[in-house]
Amino acid sequence: QVQLVESGGGLVQAGGSLRLSCAASGRIFSINSMGWYRQAPGKQRELVAAIPSGGSISYADSVKGRFTISRDHAKNTMYLQMSSLKPEDTAVYYCSAALASKSGSPWYNYWGQGTQVTVSS
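Residues numbered from 1 in each chain as written. Predicted model: local features only at pLDDT ≥ 70, side-chain atom pairs only at ≥ 80, totals over all residues. Heavy atoms only, no water.

Asker: Any chance you could explain the state of the cysteines here in plain terms?
Answerer: Disulfides are covalent bonds that link the sulfur atoms of two cysteine residues. All told, the structure shown has one disulfide when counted by the stated rule. Covalent S-S linkage joins C22 and C95, the inter-sulfur distance amounting to 2.1 Å. Classification of the bridge connecting C22 and C95 rests on its S-S torsion, roughly 55°, and on that basis the disulfide is right-handed. Placement of the pair is C22 in strand β3 (residues 18–26) and C95 in strand β9 (residues 91–100), with a sequence separation of 73 residues. There is no split in this pair, since C22 and C95 are both buried. (Disulfide = S-S within 2.5 Å. Helix = DSSP H or I, 4+ residues; strand = E, 2+ residues; numbered from the N terminus. Buried < 20%, exposed > 50% of the residue type's maximum accessible area, 1.4 Å probe, protein only.)

What follows is the structure in structure tokens.
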């Protein structure tokens, strides 16, 4: 089985910073792309940032210059450093990973359980 576990969420004042982590564990042969998504109450889930195994990192326009995504391939872990947080960043943040459980198997997308980020004004 594969698990993605997020951590690092919490309550922070506007202008503050938080660092989210997403650790992938279990039967993992290879991880392709990873990404952070968020979902605010009453809104659709949206992509915040994505980091492929090769290629360019992408960010939502709303977080460019404030958030930084990174990966530690050896640890199968992804991070999201969030700075200059705004109340509109309040949401449940989910990590996602496209990975293969064994050699020759197709990529399959997995999701974490989510971590709440609340930014107070």
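Next comes the rest of the account.
Asker: Help me understand the packing of aromatic side chains, please; the structure alone is not making it clear to me.
Answerer: For any two aromatic rings, the description comes down to two numbers: the centre-to-centre distance and the angle of the planes. One pass over the structure, following the stated rule, counts two aromatic pairs. The interplanar angle of 70° and the centroid separation of 4.9 Å between the aromatic rings of Y108 and Y110 together place this pair among those described as edge-to-face. The class of Y108 is exposed, set by a relative accessible area of 52%. Over the aromatic face of Y79 sits the side chain of R19, whose NZ or CZ is 4.0 Å from the ring centroid. Taking the ring centre of W111 as reference, the NZ or CZ of R45 above it sits at 4.7 Å. (Phe/Tyr/Trp six-rings, centres within 6.5 Å; stacked < 30°, edge-to-face > 60°. Lys NZ or Arg CZ within 6 Å of the ring centre and 35° of its normal.)

Asker: Looking at this structure, how should I read the nonpolar core?
Answerer: Soluble globular proteins tend to bury their nonpolar side chains together. In this structure, W36, V48, F67, M78, L80, M82 and Y93 are the most contacted members of the largest nonpolar core, which totals 29 residues. Mapped onto this core, the elements with two or more residues apiece are β1 (2–7), β3, β4 (30–39), β5 (46–51), β7 (67–72), β8 (77–82), β9 and β11 (115–120). At five residues, the largest contribution of residues to this core is made by β9. Among residues more than four places away in sequence, those in contact with M78 are L20, S21, C22, M34, G35, W36, I51, I69, S70, R71, C95 and S96. (Core = buried A, V, L, I, M, F, W, Y, C linked by side-chain atoms within 4.5 Å. Contact = heavy atoms within 4.5 Å.)

Asker: Help me out: how do you make sense of the sheet that holds β3 in this one?
Answerer: Across a sheet, paired strands are connected by hydrogen bonds in the backbone, their directions being either parallel or antiparallel. Reading across from one edge, β1-β3-β8-β7 is the order of the four strands in this open sheet, with antiparallel pairing throughout. Only two strands of the sheet have a single partner each, and these edge strands are β1 and β7. Sheet twist, expressed as the average angle between the axes of neighbouring strands with direction ignored, equals 15°. In the sheet, β3 pairs with β8 via six bridges, with the strands oriented antiparallel. In the strand pairing of β8, L18 is matched with M82. (Pairing = 2+ DSSP bridges. Axes fitted to C-alpha atoms, helices over the stretch in contact; angles between N-to-C directions.)

Asker: What's the story with the side chain of R66 in this structure? I'm lost.
Answerer: Mapped onto the fold, R66 is located in the loop between β6 (58–59) and β7. What makes R66 buried here is its relative accessible area of 12%. For R66, the side chain forms a polar contact with the main-chain oxygen of S84, separated by 3.0 Å. Other than its neighbours up to four places away in sequence, R66 contacts Q81, M82, S83, S84, L85, K86 and D89. (Polar contact = N/O pair within 3.5 Å; in protein donor to acceptor, adjacent residues only side chain to side chain.)

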